[in-house]
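# Structural features, examined
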Amino acid sequence: MRVSTKGRYAIRVIIDMAANGESEFHPLHNLAERQGLSEKYLEAILGVLVKNNVLEGARGKGGGYKLAKPAAELTVWEILSVIETSMSPVECVADEKNGCDRADICPTLPMWKDLAKIIKDYFTGITIEQLARKAPKIARPICKENMKE
């Protein structure tokens, strides 16, 4: 199991959203600027999270992305399980329906299943709120459309 760059960025940007107003919409350009990511790459990641009901998205003025539920209820596992292709340590645990033909006699299969459970339990036990509380504050860019002249 290896968490991809997309997985790390997804967690990072969701922590950013929680730390900078979890119930408000965050424009894509603000998130990209604060995280030092390209808007195009970040939009692809956020699109997957919206499609899987981790985030809500809104278009137009005042739009952007926001958490679909409180940060205290959103776990790292919920994010990684939709972003990553697999979180399993080995292929035979990732796809039990099509597991290997030696599953009935494999002496290591229980070990791999135990490890998969440990990984899931570990990431399920960490909420975005916990991570956001520990996160250093990142300056919020001034949104030009909210400035009065």
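Residues numbered from 1 in each chain as written. Predicted model: local features only at pLDDT ≥ 70, side-chain atom pairs only at ≥ 80, totals over all residues. Heavy atoms only, no water.

### Thoughts on the overall build of the chain
The following threshold applies: By definition, any uninterrupted DSSP run of H or I lasting at least four residues is a helix, any uninterrupted run of E lasting at least two residues is a strand, and each is numbered from the N terminus. Whether a residue is buried, partly exposed or exposed follows from its accessible area with a 1.4 Å probe, protein chains only, as a fraction of its type maximum: under 20%, in between, or over 50%, in that order. Computed by Shrake-Rupley with a 1.4 Å probe, the accessible areas treat only the displayed protein chains as cover when residues are assessed.
Assigned secondary structure in the chain consists of seven helices and two strands. Ordered by position from N to C terminus, the α and β elements of the chain give α-α-α-β-β-α-α-α-α. The buried share of the chain, taken over its 149 residues, is 37%. Working note: accessible area of the chain is about 9600 Å², and carbon and sulfur atoms make up 51% of it.

### Considering the nonpolar core
We apply this condition: The nonpolar core is taken to be a set of buried Ala, Val, Leu, Ile, Met, Phe, Trp, Tyr and Cys residues, with the residues joined through side-chain atoms within 4.5 Å. We call two residues in contact whenever any of their non-hydrogen atoms come within 4.5 Å of each other.
Among the nonpolar cores identified, the biggest contains 34 residues, and Ile14, Leu46, Leu49, Ile79 and Ile128 are the most heavily contacted of them. Every element with two or more residues in this core is listed here: α1 (5-19), α2 (28-35), α3 (39-51), β2 (64-67), α4 (76-83), α6 (109-124) and α7 (128-134). At eight residues, the largest contribution of residues to this core is made by α1. What Ile79 contacts, discounting residues up to four positions off in sequence, is Ala10, Ile11, Ile14, Leu49, Val54, Leu74 and Ile128.

### Quick look at the environment of Leu37
Mapped onto the elements, Leu37 comes out in the loop between α2 and α3. What makes Leu37 buried here is its relative accessible area of 13%. For the pair Leu37 and Tyr9, spaced 28 residues apart in the sequence, the C-alpha separation amounts to 8.7 Å. Setting aside anything within four residues of it in sequence, one finds Leu37 in contact with Tyr9, Arg12, Ala32 and Leu42.

### Re the pattern of salt bridges
What counts, and what does not: Any Lys or Arg side-chain nitrogen found within 4 Å of a carboxyl oxygen on Asp or Glu counts as a salt bridge.
Under the counting rule described, the total for this entry stands at three salt bridges. The closest approach of N and O atoms between Asp121 and Lys117, which form a salt bridge, is 2.6 Å. Here the residue Asp121 and the residue Lys117 both occupy positions in helix α6, the gap between them amounting to four residues, near one helical turn. A residue is classified by how much of its surface remains accessible, and Asp121, at 42% relative accessible area, is partly exposed.

### Re the confidence of the model for the chain
To keep it simple, the criterion reads: Per residue, pLDDT captures the predictor's confidence, and it can take any value from 0 to 100.
Per-residue confidence for the chain gives a mean pLDDT of 89, with 89% of residues at or over 70. Across residues 142-149 the pLDDT falls below 50, and counting only partners more than four positions away or on other chains, this stretch makes four contacts in the model.

### A word on the side chain of His26
As a reminder of what qualifies: We call two N or O atoms a polar contact when they sit within 3.5 Å, provided that within protein one can donate a hydrogen and the other can accept it, with sequence-adjacent residues counted only if both atoms are side-chain atoms.
In this structure, His26 sits in the loop between α1 and α2. Overall, the relative accessible area of 2% leaves His26 in the buried class. Side-chain polar atoms of His26 contact the backbone oxygen of Gly21, separated by 2.8 Å. When near neighbours in sequence (up to four residues on either side) are disregarded, His26 contacts Met17, Asn20, Gly21, Leu31, Arg34, Gly63, Gly64 and Tyr65.

### Points about α3
For clarity, the cut-off: Any helix carries an expected span of 1.5 Å times its number of residues minus one. Starting at the helix axis, one direction is taken to each C-beta atom, and the arc is that of these directions.
End to end, α3 covers 18 Å across 13 residues, agreeing with the expected 18 Å (1.5 Å per residue, within 8%). Listing the buried residues of α3 in full gives Leu42, Ile45, Leu46 and Leu49. Taken down its axis, α3 places every buried residue within 95 degrees of arc, on the same side. For α3, the exposed residues set more than 90 degrees away from the buried face come down to Lys40 and Lys51. Lining the buried residues of α3 we find α1, α2, β1 (55-58), β2 and α4. Directly beyond the C-terminal end of α3, a positive phi value near 60 degrees is found at Asn53.

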